[in-house]
Amino acid sequence: MAEERRQKQCSVSLPTESMKAMAESVGVGQLQEESCVALSEEVSYRIKEIAQDALKFMHHGKRRKLTTSDIDNALKLKNVEPLYGFQSQEFIPFRFASGGGRELHFYEEKEVDLSDIINTPLPRVPLDVSLKAHWLSIEGVQPSIPENPPPASKEQQKAESTEPLKVVKPGQEEKGAIQGKGQSTPAPDNKGKEKGLIRLKPRSTHELSVEQQLYYKEITEACVGSCEAKRAEALQSIATDPGLYQMLPRFSTFISEGVRVNVVQNNLALLIYLMRMVKALMDNPTLYLEKYLHELIPAVVTCIVSKQLCLRPDVDNHWALRDFAARLMAQSCKTFSTTTNNIQSRITKTLTKSLLDDKTQWTTRYGSIAGLAELGPDVIKTLILPRLTVEGARIKAVMEGPVVSNIDKIGAEHVQSLLLKHCASVIAKIRPQPDIAEQYRTDYGYLGPMLCSHVMKARTQAALQAQQVNRTTLTITQPRSTLSVSQSGLSGSGGPRTPSIIKVPSSLTLMSPRPGTPSQPSPPATKYIVMGTSSGAASTQQVITLSSSQSASPVTSTVPSATSTLQPLVKLEPGGGPGLTASRPLQKYIVVSLPSSASSLESKSSVLPTSISSAPVDGGIKLERSESPAASTQSPH
Amino acid sequence: MAAVQGGMVDAKDEADIKTEPASDGFGNNHANDSRLLSESPGSSAAAGNSKPAAGAPEDQQTLLAVLQFLRKNKLSESAEILRREAGLPEEVLDPKGADSAGSGLGGSADVDGGDASALLSRVTVPAPGGAKAPTKAGEDQPDVNVVLSAYSQQGDPALYQVYYNGLKKFIESVLDCHRAELSQVFYPLFVHMYLELVYNNHESEAKAFFERFSGDQECYYEDDLRILSGLTKKEHMRGNETLLDFRTSKFVLRISRDSYQLLKRHLQERQNNQIWNIIQEHLYIDIFDGMPRSKSQIDAMSGSLAGEAKREANKAKVYYGLLKEPEIELPLDDEDEEAENEEGKPKKKKPKKDSAGSKSKKQDPNAPSQTRIPLPELKDSDKLDKIMYMKESTKRIRLGPDNLPSICFYTFLNAYQGLTAVDVTDDSSLIAGGFADSTVRVWSVTPKKLRKVKTAADLNLIDKESDDVLERIMDDKTASESKCLYGHTGPVYGISFSPDRNYLLSSSEDGSVRLWSLLTFTCLVGYKGHNYPVWDTQFSPYGYYFVSGGHDRVARLWATDHHQPLRIFAGHLADVTCSRFHPNANYVATGSSDRAIRLWDVLTGNCVRILTGHKGPVHALAFSPNGKFLASGATDGRVLLWDIGHGLMVGELKGHTDTIYSLRFSRDGEILASGSMDNTVRLWDATKAFDDLETDDFTAATGHIHLQDNSQELLLGTYMTKSTPVIHLHFTRRNLLLAAGAYNP
C-alpha cells in the first residue's frame, strides 16, 4: 500500500492547463507548452516544499490539522510574503467550472463591501482561555466522571457483546486445545459438554456507584414525572452523556417493565415518555444497545400494535404514539439489523401476519401498517400496495356500511389516511404519468380515487419542490410524533425518507397566522394542535411546537380542553392566531395551506358523519382491550 | 519566484553565520571558559584553567580556521581579539590572510586547494568537530556548488538500474546473517544514485529509477523519500537543505568485517565501479569485528537522516553523576516542629544531620567536579526553597507498579486549538501556557494570587527595614488568578520557568527568546540569535543558563545576563525540536527532526553522544533524576530509553499511536510518564526497564544490544482523556502527576 502511495507521490504535479489558466488570469496570453511544463514542475516542487515546512509548524503547534497560518509561517521561512486576508476558516469550498474544453477548480472570491463589514454588529466575544482541573486517575484507577471518557468505548461494548470469547484470551486457547482433544477421543457427548461449559460468557459486572444510583433515580423519575422541563433535561442527558454504559441494563429493564405495566393500565402518557427514553438511548452515540434489544424491541412493538393503549380510544391520540414507536422501530431495524439477528425480517413478518389477519382490530391494523410503512418505500411497494384493495374494501365497509361503532370508524379513518399518506408517494414514483381516477379505482378499489388525488398532489408538490431547490427548508430532526399532519405536503420529497428527519417544504405553511401562498417560506416556529375527538370535558390536547432549531425536541404540553362537545382536531384559522374555537368538526390532522387542498378537505370533512361516541361502545372496547403486550411474545431474542 | 531565490540566498548566508559561532563553540575553549567564569558572579576562577587551550595541534588548527574566517568576512577586530586571547603570534594571520580576504560573503566557489580554504572547510564540518578524524574532514566542502559537483561524474544513466538491481540480487542471495547488514547500503545508495541522475539532468531515468526501487526502502525512510520524490530537477537541489545535508555528511553504516569483505569482493569482481565509487565517497562504513548484527538490531538503531552514529562519536566520557547538593546550614525539622516555626531552627540536631548528609552525599565518581560549570551562588530564598523541597520530599509517595500515582489533569478550555506549550514550576504553584496567538499566560494553581510589584513611586514609601518587606512590595490591587504576557509576534512554541520562579522564558516563531519577570509581569530581555522559529527553550536546573533550539538547526546556550549565546551547538542536520538540560547542568540533550538525539558538553561545546534509533522527529526528552538515563519520544509514537554513560539504547516502549509530546520521570525515577497526541497518558515501569539490562562488556563495547519486546509488561497504565492531547507532564514534589493539554472538541 505504501508502495503505491509512494509511486503516486513521484508523479503528482500540477497540470499544465492550470499554468495556462493562471497565466491568463494575470494577463499573459500565449504561453508556450514547454514553459508550461517547466513552470508546473517548478511550482509543484515549491508547493511541496512549503507544505513540508508547514507540517513542521503543525507539529509544533500540537495540532492534527494543517491551518492557513501554518502555510503563512512556512512562506515566511522562505522569505516569501505570506498571503494576506485569509482567515483560517474551517473549510474553503472549491467550485468547479468547465467550458470550452477546459475544467477549472477555483474558489469564489466575493467582492466584499467594506461598509457591510463595518455595519454588521460585532460577533460575540469568544470565551477567554480558562484552566480546569480534574482527576484523570486516582492511584491508578480512572474515576468515571463526566470529564473523563466513558470507561468502555462503543467498539469495546460491541466486542464484548458480540464476541465475548475473544475478550478472554485464555478461554480461546482452551477451546482450541479441547477441539484437538475431541478429535482424538471418540466420545462426542463429552466433547459437547465441555464445549458447552467453556462457552459460558464471562460474567460482566455492572456495579453502580452511589452517584450513579442517584443519577439513575433522578433520571427515571424525571423521565416519567410531571415536569416537562425536567423531562427534557433528563432526556437530553440520556442522549448525550457518555458514561451511561454501566446503567444501560437498568434503563432497559426500566423501559420494558414500564411498558408492560402501563399497557395494561392504558396509561398513554407514560408510554409516550418511555418511548421518548428509548429514542434518547438510541440517540446516544456512546451506547451500544444491541445487548438490550431483546427488552427494548418488544416494548417498542407493543406500543405500535397493542389493541389498546389508552383509556378512551375514541378520544386519546394513541395514533401518534404508534407512529412514533413505528419510527423508532424502523430506526432500530436500520441500525441493528444484521444477517445473524435478522431483526428487520422478523419484524416485517410479525407485522405482515397481523395485517393479513382478518380479525385484527383497527388499532393493531394501523400499527402494523405504520410499522411496515416506516421501513421504507420498498416495503410499502411489496407488502402494502398489494393489500390496498382489500384494505379499501374493509374501510368502505365501515365508512359506508351500517354504523357499528365510533371507535371502528375512527380507526378506519386513521388507517385510510395512513395508507393514503404512505402509498401516494410510492405510487407517484412507480406509476406512469396520467392519473385517471377510474383506472385507480380498478387498480386499488375503494381507495383508488382518493389515492389518485393524493398522487396528483404529490406530483405537483414534487414539481414545486424541484423549482424551489434553493429555498430554505425547515428540517426537523425530531421524530414527528404528531406529524401525521403533513399528509400531502411530504409526498413530493424524493427518495426514501429517513424516519426521523422530515423536511417541511417551505411552501407548506402549517397553522401560520397568514394563509400564505405556496411560495412563501414558513415562519420559524409552527404550532400543531393535536387532540382527539372528545366527548368528555376532561380530554386533553397536546400542543406541539416545532421550532426551527434542529436540536429542540417538540415541547409537548397538555392543555385541558374547555369545550364539552366535539373538538376540532386541528384548528385552521387563517388570519388569526391559534385559538380553540370549536367551529367546524374536522376529523383530520391535515392542515395544508394550499387553497385547493384546504377546500377539498373542508368538503370532505363536511361529508363525513360526525357521530359522538357513546358510553356503551366505550365500555365494549374496554372489555376487549388487550390484556398484555401482545407483540412482546413475538419479539426477537 | 524571485522571492524564493532570495530565501535561498538567505539560507546560505545563515549557513555562513552558523559556522562562526560553531567553531567558537568547540574550538575556543580557553576563551569560552574565561567568559563563562566572568559571568557567573562569585564563582572562583578555579575552573578557568581546567583545560589547557592551545595545547593540541588540532585546536590550533581550528583556531586558525576561525581566524581565517573572521578575516575573510572583514571582522578584523574580532580576529584580533581572538588572536590575543588564544595567545597566538600575530604572524599567524598575515601570510594567508592576503589571498582569501578578497573573496566576499557571496559564497562563490573559492576552493582551489590552499591551506586556508582547507582549514576553512574543516570548520563547516557539522558533526562533532573534535571527535572526527582529521583526514576525512578535508573532503567536506562548504560551498553548495562544490558539494553538488561531486555528483558530476558521468556514468551511463541507463545502467544505473542495472547496477542497483545487480547489487540487490547479490545481497538477496548472500547468507542470511550477512543479508540484513548488507541491506543497509540500499537506502543511501539509492538516494545517492538518484541524486546523481537528477544532478546530471537525466530526469526520466531518475524518475524510472525512483519508481522502480523506492518501494524497496525501509518504511521509516518514507518522509525522506517524499522529499526526494519532489526533487526532479537539478535546480531544485540548490535550495534543498535536507539534500545538502545528505551530501555533506557521510551516511554512517555499521557493518561487520565479514559482511564488508563480501560486499567488497563482489563489487570488485563485477568491476562495478559506479557503486563502489559511491560507497567510497559518500558512505562511511564503520567496520567492526565480530558477529554480524541481526535485522532487529539494525532496525533498532537505524532511521536517522545520517545513518547510525559512529562508534567513536559516543566514546567520550560523560560525567552523568549528580552534583553534590550544597550543604544547607539549616537542618530539617521534625514533622511536629516544622508546622510551628520556620525561623528558629533547633541547634542540637545540626551535627547529626550534617553527618547523615555528608555520608549520603559522597562525591559520585561519575559526577563532574562541582565547579566544572560555574553555577550561580545560592541566595537565601533559594535555600528556603531547598528546605521546602526537602520537607516535601519526606512526604513523597513511594511509587511502584503496585502504587501508581494519581493524575490531576489541567485542561485548557476555549483555547481554540491555540495552546502550543505548557510549563509548570518545580513546586507546582504556577502553570504557564504559550499560545498560537503570541501570548503567554500564567496561572496560579494555588489560592495565592499573582501580584505585581508596586510602582517605583510606591516602593519608595515602603519601610525597607521591615521583616515583611517582600510582602509589602507587592501590589494587592493587581491580584488575579492569571496574567497575560504580550510581546511575541508569532506562536509561542517553548516555555520554561526559572527554578526560583522569578522568571519565565518563552521562545517563539518570531525567532526570539524572551525573558519575563514574574514579579512585574513584564518582558526583561529579548534574546535574538535564532533567525528562524525557536522551537524550544529550557532553563538550567540551577537557573542562570538556558538553552534554546530552533529551525536554524543549532541549539544555543545562553546566560540570562548576556544578550549573545555562550555556546552554539551545531551538528544536527535538521531542526532542533527540543532541548533539555541534564540534572547536573553540565550537559544539554537536543532532539531533532533529523531523528537523532545529541548530547552536548556545556563546557567544551562538543557533541559527546549521538543517539540514533528514532524513526521520526524527536519531540520529547527527559533525563532520569539520577542522571544516568535519557528517555526520548518522537512522532513515531515510541519512547526510547538510553544509557548515557555507554551511549546505548536500553529500551523501547511501544504503545502510543501518535506523537509523544511530553515525558517525565517521577521524582525518584521509578515511573516514566508519557503524554501524547493520541489523548493518552501512559505510565511505564522505569525501574524494571533499567534493571533488566544486561550490560556485559561485549554489548557495551560494540553497542549491539538485544532489545526485548516487553513494552506490554512495562506498561502500568493507560489513561484516556476526552479529546485532549497531552502536551505537558509534571511530577510534583510529592509525586502527584500533573498533566496538561487543551480540550480539542
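The shown structure was predicted, so the numbers you read here are calculated from the model rather than taken from an experiment.

About the thresholds
Residue numbers run consecutively from 1 along every chain, following the written order of its sequence. Key to labels: chains lettered from A, ligands numbered from 1, both in the order written. Where totals are concerned, whole chains, interfaces and linings use all residues; where local detail is concerned, this predicted model gives features only for residues with pLDDT of at least 70, and gives and counts side-chain atom pairs only at 80 or more. Each side-chain value is worked out from all heavy atoms of the structure, with water and hydrogens disregarded. Under the scheme used here, helices are H or I runs from DSSP no shorter than 4 residues and strands are E runs no shorter than 2 residues, and both carry numbers assigned from the N terminus. Relative accessible area decides the class of each residue, using a 1.4 Å probe on protein chains only: under 20% of the type maximum gives buried, over 50% gives exposed, and in between gives partly exposed. Contact criterion: two residues are considered in contact whenever any of their non-hydrogen atoms come within 4.5 Å of each other. For every accessible area listed, the method is Shrake-Rupley and the probe measures 1.4 Å; residues are considered covered only by the protein chains on display. Expected helix span is given by 1.5 Å per residue-to-residue step, counting one fewer step than there are residues. Pairing between strands requires that DSSP locate at least two bridges from one strand to the other. A simple way to read buried area is as the amount of 1.4 Å-probe accessible surface that goes missing from two parts once joined, with both sides added. Salt bridges are defined by distance alone: a side-chain nitrogen of Lys or Arg within 4 Å of a carboxyl oxygen of Asp or Glu. Working convention: axes come from line fits to C-alpha atoms, limited for helices to the stretch in contact. Angles between N-to-C directions cover 0 to 180 degrees. Note: crossing handedness is left-handed where the near helix turns anticlockwise from the far helix by less than a right angle, and right-handed where it turns clockwise. Charge convention: Lys and Arg are scored as positive, Asp and Glu as negative, and His as well as the terminal groups of each chain are ignored. When two rings of Phe, Tyr or Trp (its six-membered ring) have centres within 6.5 Å they constitute a pair, described as stacked for plane angles under 30 degrees, edge-to-face for angles over 60, and tilted for the intermediate range. Counting of polar contacts relies on pairs of N or O atoms within 3.5 Å, with two restrictions inside protein: one atom must be capable of donating a hydrogen and the other of accepting it, and residues adjacent in sequence are counted only when both atoms are side-chain atoms. In predicted models, pLDDT denotes the confidence assigned by the predictor to each residue on a 0 to 100 scale.

Draft legend 1. Structural detail: the overall build of chain B. The helix and strand tally for chain B stands at 26 helices and 31 strands. Out of the 745 residues belonging to chain B, those deemed buried represent 57%. Considering only intrachain contacts with a sequence separation of at least 6, the fraction spanning at least 24 residues in chain B is 62%. As presented, chain B carries roughly 30000 Å² of accessible surface, and 51% of it is formed by carbon and sulfur atoms.

Draft legend 2. Geometry of the overall build of chain A. Each helix and strand in chain A was counted, giving 24 helices and eight strands. The proportion of buried residues among the 637 residues of chain A is 45%. Across chain A, contacts joining residues at least 24 apart in sequence account for 62% of those joining residues at least 6 apart. Carbon and sulfur atoms form 58% of the exposed surface of chain A, whose accessible area is close to 33000 Å².

Draft legend 3. Spatial organisation of helix α11 (residues 228–240) of chain A. All names here are of chain A. Compared with an ideal rise of 1.5 Å per residue, which puts 13 residues at 18 Å, α11 spans 18 Å between its outermost C-alpha atoms and is within 8% of the ideal. For α11, the set of buried residues is Arg 231, Ala 234, Leu 235, Ser 237, Ile 238 and Ala 239. Residues of α11 that are buried sit in contact with α10 (210–224) and α13 (268–283).

Draft legend 4. Just the pairing of strand β22 (residues 618–623) of chain B, in detail. Residue and element names in this part refer to chain B. With six of six residues buried, β22 lies mostly within the body of the structure. As paired strands, β22 and strand β23 (residues 629–634) are joined by five bridges and run antiparallel to one another. If you follow Ala 620 over to β23, its bridge partner there is Gly 633. Between β22 and β23, which pair antiparallel in sequence order, lie five residues; one of them, Gly 627, sits at a positive phi of approximately 80°.

Draft legend 5. Representation of the interface of chain B and chain A. Contact residues are listed per partner, giving 70 residues for chain B and 50 residues for chain A. Contact between chain B and chain A buries roughly 5600 Å² in total, counting both sides, with carbon and sulfur atoms accounting for 55%. Ranking the residues of chain B by area buried against chain A places His 236, Tyr 719 and Lys 722 of chain B at the top, with a combined share of 10%. Run the count over chain B and chain A and you get four salt bridges. In this structure, Lys 56 of chain A engages Asp 575 of chain B in a salt bridge whose closest nitrogen and oxygen atoms are separated by 2.8 Å.

Draft legend 6. How the structure looks around the packing of helix α14 (residues 293–305) of chain A against helix α15 (residues 318–336) of chain A. Residues and elements named next belong to chain A. Interaxial distance between α14 and α15 falls to 7 Å at its minimum, and their mutual angle equals 145°. Remark: the crossing between α14 and α15 carries left-handed chirality. Taking contact as the criterion, the partners of Leu 293, Ile 297, Val 300, Val 301, Cys 303, Ile 304 and Val 305 in α14 are, on α15, Leu 321, Arg 322, Ala 325, Ala 326, Leu 328, Met 329 and Phe 336.

Draft legend 7. Molecular detail of the pattern of salt bridges. Applying the stated criterion across every chain yields a total of 44 salt bridges over all chains. In this structure, the salt-bridge partner of Arg 231 of chain A is Glu 228 of chain A, at a minimum N-O distance of 3.1 Å. Taken as a pair, Arg 231 of chain A and Glu 228 of chain A lie in helix α11 at a separation of three residues, close to a single helical turn. Residue Arg 293 of chain B is joined to Glu 308 of chain B by a salt bridge in which the shortest nitrogen-to-oxygen separation is 2.8 Å. Placement of the pair is Arg 293 of chain B in the loop between β2 (283–288) and α18 (295–301) and Glu 308 of chain B in the loop between α18 and α19 (335–338), with a sequence separation of 15 residues. In this structure, Arg 293 of chain B and Glu 308 of chain B share a single accessibility class: buried. Ionic contacts of the salt-bridge type, sharing partners, join the residues Glu 42, Arg 46, Glu 49, Asp 53, Lys 56 and Lys 78 of chain A together with Asp 575 of chain B into one network.

Draft legend 8. Here's a closer look at the side chain of Asp 382 of chain B. Residue and element names in this part refer to chain B. Among the secondary structure elements, Asp 382 is positioned in helix α21 (residues 380–394). It turns out Asp 382 is buried and unbridged, and the closest side chain with the opposite charge, Lys 379, is 4.8 Å from it. Those residues in contact with Asp 382 that lie beyond four places of it in its chain are Glu 377 and Asp 500.

Draft legend 9. Just the packing of aromatic side chains, in detail. Residues and elements named next belong to chain B. Per the counting criterion, the structure on display carries 30 aromatic pairs over all chains. Between the aromatic rings of Tyr 164 and Phe 213, the centroid separation amounts to 4.3 Å while the plane-to-plane angle is 50°, which identifies the pairing as tilted. With Tyr 164 in helix α9 (residues 159–173) and Phe 213 in helix α12 (residues 203–213), the pair connects residues that are 49 residues apart, well separated along the chain. Neither Tyr 164 nor Phe 213 differs from the other in exposure class; each is buried.

Draft legend 10. Representation of the side chain of Asp 685 of chain B. Residues and elements named next belong to chain B. With respect to the secondary-structure elements, Asp 685 resides in strand β28 (residues 680–685). Of the buried charged residues, Asp 685 lacks a salt bridge, with Lys 688 as the closest side chain of opposite charge at 5.8 Å. At 3.3 Å, the side chain of Asp 685 forms a polar contact with the backbone nitrogen of Thr 687. For Asp 685, the residues in contact, after removing those within four places along its chain, are Pro 401, Glu 670, Leu 714 and Leu 716.

Draft legend 11. Quick look at the sheet that holds strand β12 (residues 512–517) of chain B. Residues and elements named next belong to chain B. If you trace the four strands from one edge of the open sheet to the other, you get β10-β11-β12-β13, paired in antiparallel fashion. The outermost strands of the open sheet, each flanked by one partner alone, are β10 (492–497) and β13 (522–528). For this sheet, the mean angle separating the axes of adjacent strands, direction not counted, is 20°.

Draft legend 12. Here's a closer look at unusual backbone geometry. All names here are of chain A. Of note, Glu 139 is a non-glycine position whose phi angle comes to about 50°, a positive value. You can see Glu 139 is positioned in the loop between β3 (130–137) and α6 (154–162). On the accessibility criterion, Glu 139 (58% relative accessible area) is exposed.

Draft legend 13. Local environment of the environment of Lys 654 of chain B. All names here are of chain B. By the secondary structure assignment, Lys 654 is in strand β25 (residues 648–654). The class for Lys 654 is partly exposed, based on a relative accessible area of 35%. Taking C-alpha positions, Lys 654 is 5.1 Å from Arg 638, a pair spaced 16 residues apart along the chain. Residues within four places of Lys 654 in sequence aside, it is in contact with Arg 638, Trp 684, Asp 709, Ser 711 and Gln 712.

Draft legend 14. Region of the structure containing the sheet that holds strand β9 (residues 482–485) of chain B. Residue and element names in this part refer to chain B. Taken in spatial order, the four strands of this open sheet run β4-β5-β6-β9, and their pairing is antiparallel. The two strands at the open ends of the sheet, each matched to only one other strand, are β4 (419–424) and β9. When the angles between neighbouring strand axes are averaged without regard to direction, this sheet yields 20°. As judged from the four bridges shared by strand β6 (residues 440–444) and β9, these two strands associate in the antiparallel manner. Bridged to Arg 441 within β9 is Cys 484.

Draft legend 15. Expanded view of the pairing of β10 of chain B. All names here are of chain B. Within β10, six of the six residues are buried, which leaves the element mostly enclosed by the surrounding structure. Here β10 runs beside strand β11 (residues 503–508); their pairing, made up of five bridges, is antiparallel. When the sheet's bridge partners are listed, Ile 495 is paired in β11 with Ser 506. With antiparallel pairing between neighbouring strands as the criterion, β10 and β11 make up a hairpin whose turn holds five residues, including Arg 501 at a positive phi of roughly 65°.

Draft legend 16. How the structure looks around helix α2 (residues 16–25) of chain A. Residue and element names in this part refer to chain A. Those residues of α2 lying buried are Thr 16, Met 19, Ala 21 and Ala 23. Residues of α2 that are buried in the fold lie against α3 (33–60) and β2 (102–106). A positive phi of about 95° marks Gly 27, the residue just after α2.

Draft legend 17. Spatial organisation of the confidence of the model for chain A. Residue and element names in this part refer to chain A. Across chain A, pLDDT averages 68, with 61% of residues at or above 70. Mean pLDDT per element in chain A: helix α8 (residues 169–184) is the minimum at 35, and β3 is the maximum at 90. Contacts from residues 165–199, a stretch scored under 50 in pLDDT, to residues over four places away or in other chains number 14 contacts. Below pLDDT 50 for its whole length, residues 470–637 participates in 311 contacts with residues either more than four positions away or in separate chains.

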